[in-house]
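Remarks on the overall topology
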Amino acid sequence: MSQPYEPLLAILIKLYLRMREDGVPLVDLKDGTYPPDLNEDERRLMYLAGLVKEGIAAKRKAKAQAQTQSQAQDHTGAEDQKDDRDAGDLGPDAPSLAPPPGPGPREAASPDRPGPPIADVATNQPAPDSNTVPAPGDPPGPAPAESDPFDPLPFPAVGGHAPPPVPSPPSPPSPAPNTAPAPAPPVPGPAPQPGGVPAMAKGADGIGEPTPRASEMTKKTIFLKPAKVGEPYDGAIEIDGLKSPRLVDDAGTGLTLDADTGRLTGTPATSGDVQIRLRGLLHARSVEVILNLAVIPDPKSLWVSKPSDRSAPFWKPDEAFMRVDGDLLCVGASKRGRSHAQTGGFRDDDVGLAVTGPGGWHIAAVADGAGSAAYSRRGAAVAVETALAELPPLLDAHVTPDLETLLAMHRDGDERAAGALKRKLYQSLTTAAFGAAKAIEAAAAAQGESPSAFSTTLILCAARRCSESWFFAGFAVGDGGAAVLDAETGSVTPLTAPDSGEFAGQTRFLQSAEFAGGFDAVSHRLFFAIRERCSALVLMTDGITDPKFPTEATFADPARWARFWAEDLTATVDLSRDNPDLERQVLDWLDFWSPGNHDDRTLALMVP
């Protein structure tokens, strides 16, 4: 502390009084060191308070010594006058015994003899009466002993070390007798603070405003709305009166704080329950805010994909893709569902395509093996392979020869045409499906298993270009669905009907018993459509229909189909013949996310 601080005593006193008026608590320093919870600003204030206390003590001691010296001088002056009278008797040449001009005994100053009161030094004026108490705006002066405005406070030390003692300033020369006192020097401007403490900003009354005390910092906890990993987040921090917030710890979320709007934004990269910390001012006090945020993980990240056992009987790849070009572009794809991939299970679905040539039949089949059946993956494959093998010759034998005639009758409104067409389809589509059921029974017998171990559904559709229109036909046993869509006109014609089992959530499976009743028992499974134009014939297993068309009504809803086609499927897949990425796009689309729907997914398309 090498710089003088006496000129700032008035400011220190005002500051100290202001601290008391504002209710700033004092700390009892027993050992001369700061409490461990004080920050840098608090230590500065404590240091200043110590200077004030030390200065007051020095002033009181100086005043007492000055009074003692004054009494001694009065006594000495009387003796000097006597000596002068005696010296006059010695003659004019006798030496004078008066003290030489210059500083008097008040000039000496030391730790034991501090010199004049500090107020005299600062103002170059005599000390005021000892009974006068300085007001907050008056020049500094000693306070009476019986009315000490300061609580006992030892001189604080920075870091636990006591500072060097405060040196007493030298006394100015005493004014010559019978001369007017010298004018007071101008009030000095801001002076460097002791110990390198920077000058405090002054308020309207000339006293620096104290900064918020760390010991007064409060904590506040709030809960934010949940966030999701990988999704943009925007959460408001709603605390009335919160000012100047700043982010201290984002807890690794990567979120940022907009101090002007009080909003927390960003895209969380990790999941979990985190605590984000920020600080600010709340009602003129420092506050630390704990923001509790639950970051929900990406559901996809929770799934694992275990490879299926290649050594198991009837193993097949976890995904399949095929393409056949004819009058229609025929595309088929099948992918193992997440529920099977999680356990290393097999893809139970199957798909197949066939085209008999230009101007011929286009055939598609999809099958969904029962998840509870041990060899359903093989049952689905047998059903598709058998139907594709048997259907083309059956169509050529029973449908092709009379198709143009029956379509013309239907256009003319002949009611007999619809019945005749259904019987032709019964002889072809139904016969092929029955052959698939018999093939499954034979495969089960070859393995010494029950046909139920090979249980599967089957959707079988055929399409052909005729002279004036397109002809579509469908047959199905079990869930899933098929439909003809015209996106331009917004029309849709289902080629299958819901086929539930005896209990809710069940479905029927392909078996020979389903055909025992003949045409009357299965005719409700046969459908056909005649279109001048179309956008596509679509076949899907329930891994797609359940999330995309969850009810019978939505499956027949043209608006729902229009959104599915324009905003979903073709928004991701380019169904053009010259698309080199067609396979990847279709398989990627089959991986769409739908909570609670993780079954195998199989799709077949016929596009003009």
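Please refer to the structure higher up on the page.
The structure reproduced in this document is the subject of the present report. All values derive from a computational prediction rather than experimental measurement. (Residues numbered from 1 in each chain as written. Predicted model: local features only at pLDDT ≥ 70, side-chain atom pairs only at ≥ 80, totals over all residues. Heavy atoms only, no water.)

Considering the overall build of the protein chain
Using the following cut-off: Secondary structure elements are defined from DSSP: runs of H or I of at least 4 residues count as helices, runs of E of at least 2 residues count as strands, and each element is numbered from the N terminus. Only protein chains enter the accessibility calculation, which uses a 1.4 Å probe; a residue is then buried when its area is under 20% of its type maximum, exposed when over 50%, and partly exposed in between. In this description, contact between two residues means that some pair of their heavy atoms is separated by no more than 4.5 Å. Surface accessibility follows the Shrake-Rupley procedure with a 1.4 Å probe radius. Residue values consider only the protein chains on display as shielding.
Helices and strands together make up the secondary structure of the protein chain, namely 12 helices and 19 strands. Looking at the protein chain as a whole, 42% of its 608 residues are labelled buried. If you take every contact in the protein chain between residues at least 6 apart in sequence, the share linking residues at least 24 apart comes to 71%. Summed over its atoms, the accessible surface of the protein chain is roughly 30900 Å², and 53% of this surface lies on carbon and sulfur atoms.

With respect to the pattern of salt bridges
Side chains that differ in charge, positive against negative, can pair when their charged atoms come close. Put simply, the rule is: When a carboxyl oxygen of Asp or Glu is within 4 Å of a side-chain nitrogen of Lys or Arg, the pair counts as a salt bridge.
Tallied over the entire structure, the rule returns 20 salt bridges. One salt bridge connects D325 with R323, and the closest N-O pair in it is separated by 3.1 Å. Looking at R323, the relative accessible area reads 31%, which means it is partly exposed. Of the charged contacts, one joins K424 and D402 as a salt bridge, the two residues approaching to 2.8 Å between their closest N and O atoms. Of this pair, K424 sits in helix 7 (residues 416-446) while D402 sits in the loop between helix 5 (376-398) and helix 6 (403-411), placing them 22 residues apart in sequence. A relative accessible area of 21% places K424 in the partly exposed class. Through salt bridges with shared partners, a single ionic network connects K219, R277, R279 and E288.

Examining the pairing of strand 8 (residues 285-296)
Inclusion rule: Strand pairing requires that DSSP identify at least two bridges connecting the strands.
Across the 12 residues of strand 8, 9 count as buried, placing the element largely inside the fold. Strand direction decides the pairing type here: strand 1 (residues 218-223) and strand 8, joined by 6 bridges, are parallel. Bridged to T218 within strand 8 is V287. Where strand 2 (residues 227-228) lies against strand 8, 2 bridges are found, and the strand directions are parallel. Of the residues in strand 8, the one forming a bridge with K228 is I296. The sheet contact formed by strand 7 (residues 272-282) and strand 8 spans 11 bridges and is antiparallel. In the strand pairing of strand 8, L282 is matched with R285. Connecting strand 7 to the antiparallel partner strand 8 that follows it, the hairpin turn spans 2 residues, and H283 within it adopts a positive phi of roughly 55 degrees.

Remarks on helix 5
In plain terms, the rule: Expected span of a helix, by definition, is 1.5 Å for each gap between consecutive residues, and there is one gap fewer than residues. Bend at a residue means the angle formed by two fitted axes: the first through the 7 residues ending at that position, the second through the 7 residues beginning there.
Taking 1.5 Å as the rise per residue, helix 5 with 23 residues should run 33 Å; its terminal C-alpha atoms sit 31 Å apart, in good agreement. A bend of about 35 degrees at L391 is the largest found in helix 5, and the proline P392 appears one to four places after it.

Digging into the packing of aromatic side chains
For clarity, the threshold we go by: We call Phe, Tyr and Trp rings a pair once their centres come within 6.5 Å, taking the six-membered ring for Trp, and we label the pair stacked below 30 degrees between planes, edge-to-face above 60, and tilted otherwise.
Inspection of the entire model under this criterion finds 16 aromatic pairs. On the numbers, 5.3 Å between centres and 65 degrees between planes, the contact of F549 with F564 is edge-to-face. Remark: F564 occurs in helix 11 (residues 558-572) and F549 occurs in the loop between helix 9 (542-548) and helix 10 (552-555); sequence separation between them is 15 residues. Here F549 matches F564 in class, with each residue buried. Among the aromatic residues, those joined into a ring-pair cluster are F549, F555, W561, F564, W589 and F592.

Side note on the side chain of K335
Worth spelling out the cut-off: By the counting scheme adopted, Arg and Lys are positive, Glu and Asp are negative, and His together with the chain ends is not counted.
Along the polypeptide, K335 turns up in strand 10 (residues 329-335). Here K335 occupies a buried position and makes no salt bridge, while the nearest side chain of opposite charge, E319, is found at 4.0 Å. Ignoring sequence-local partners within four residues, the contact set of K335 consists of D318, E319, R347, L587, L590, D591, D600 and R601.

Considering the nonpolar core
If you look at soluble globular proteins, the nonpolar side chains tend to sit buried side by side. Going by this rule: In this text, buried Ala, Val, Leu, Ile, Met, Phe, Trp, Tyr and Cys residues form a nonpolar core when linked through side-chain atoms within 4.5 Å.
Among the nonpolar cores identified, the biggest contains 45 residues, and I363, F471 and L510 are the most heavily contacted of them. Every residue in contact with F471, bar those within four places of it in the chain, is listed here: W361, L403, L407, L421, L425, A462, A463, R464, C466, F528, A529 and I530.

Observations concerning unusual backbone geometry
At A284, a position not held by glycine, the phi torsion is positive, near 65 degrees. Relative to the helices and strands, A284 resides in the loop between strand 7 and strand 8. Of note in the backbone geometry, F314 takes a positive phi value of approximately 65 degrees without being a glycine. In this structure, F314 sits in the loop between strand 8 and strand 9 (319-325).

Side note on the sheet that holds strand 13 (residues 458-465)
Our working rule: In this description, a line fitted to the C-alpha atoms serves as the axis of each element, helices being fitted only across the stretch in contact, and the angle between N-to-C directions of two axes falls anywhere from 0 to 180 degrees.
Taken in spatial order, the 5 strands line up as 11-12-13-14-17 in an open sheet, and their pairing is antiparallel. Two strands bound the open sheet, and with one partner strand each, they are strand 11 (349-355) and strand 17 (526-531). Each adjacent strand pair in this sheet contributes to an overall mean axis angle of 10 degrees, direction not counted. Sheet contacts for helix 5: strand 11, strand 12 (361-368) and strand 13; angle to strand 12, the most-contacted strand, approximately 160 degrees.

Here's the deal with the packing of helix 6 against helix 7
Here is the rule we go by: For this classification, under 35 degrees means roughly parallel, over 145 means roughly antiparallel, 65 to 115 means roughly perpendicular, and everything else is oblique. Here a crossing is taken to be left-handed if its near helix is turned anticlockwise relative to the far helix by less than a right angle, and right-handed if that turn runs clockwise. Amino acid classes used here: Ala, Val, Leu, Ile, Met, Phe, Trp, Tyr, Cys and Pro are nonpolar; Asp, Glu, Lys and Arg are charged; the rest, including Gly, are polar.
Across the interface, helix 6 lies against helix 7 with an axial gap of 8 Å and an inter-helix angle of 150 degrees. Judged by the angle between their axes, helix 6 and helix 7 are roughly antiparallel. When the axes of helix 6 and helix 7 are compared, the crossing they make is left-handed. Across from L403, L406, L407, M409 and H410 in helix 6, the residues of helix 7 making contact are R416, A417, A418, A420, L421 and K424. In terms of residue class, the contact of helix 6 with helix 7 is built from 8 nonpolar, 1 polar and 2 charged.

Concerning helix 6
Note the following rule: Note that the arc is defined by the directions from the helix axis to the C-beta atoms.
Residues L403, L406 and L407 constitute the buried set of helix 6. The arc enclosing the buried residues of helix 6, seen along the axis, measures out at 100 degrees, which places them on a common side. After helix 6 finishes, the residue G413 shows a positive phi value of roughly 85 degrees.

Quick word on the environment of D396
With respect to the secondary-structure elements, D396 resides in helix 5. Since its relative accessible area comes to 39%, D396 is described here as partly exposed. Ignoring any residue separated from it by four or fewer positions in sequence, one finds D396 in contact with W361, P401 and R464.

Remarks on the sheet that holds strand 18 (residues 536-540)
The sheet built from 6 strands is open, its strands ordered 9-10-19-18-15-16 with antiparallel pairing. Both edges of this open sheet fall to strand 9 and strand 16 (491-494), since each of them pairs with a single strand only. Direction aside, neighbouring strands of the sheet carry axes that sit 15 degrees apart on average. Pairing of strand 15 (residues 481-486) with strand 16, which is carried by 4 bridges, proceeds in the antiparallel orientation. Pairing of A483 across the sheet is with P494, part of strand 16. The strands that helix 11 touches are strand 15, strand 16, strand 18 and strand 19 (601-607); relative to strand 18, the one it contacts most, it runs at about 90 degrees. Across the sheet, helix 12 (residues 582-589) touches strand 9, strand 10 and strand 19, and the angle it forms with strand 9 is around 135 degrees.

Details of the environment of V382
Along the chain, V382 turns up in helix 5. On the basis of relative accessibility, which here comes to 7%, the residue V382 falls in the buried class. V382 sits 56 residues away from K438 along the chain, and the two C-alpha atoms are 9.9 Å apart. Ignoring any residue separated from it by four or fewer positions in sequence, one finds V382 in contact with A439, I440 and A443.

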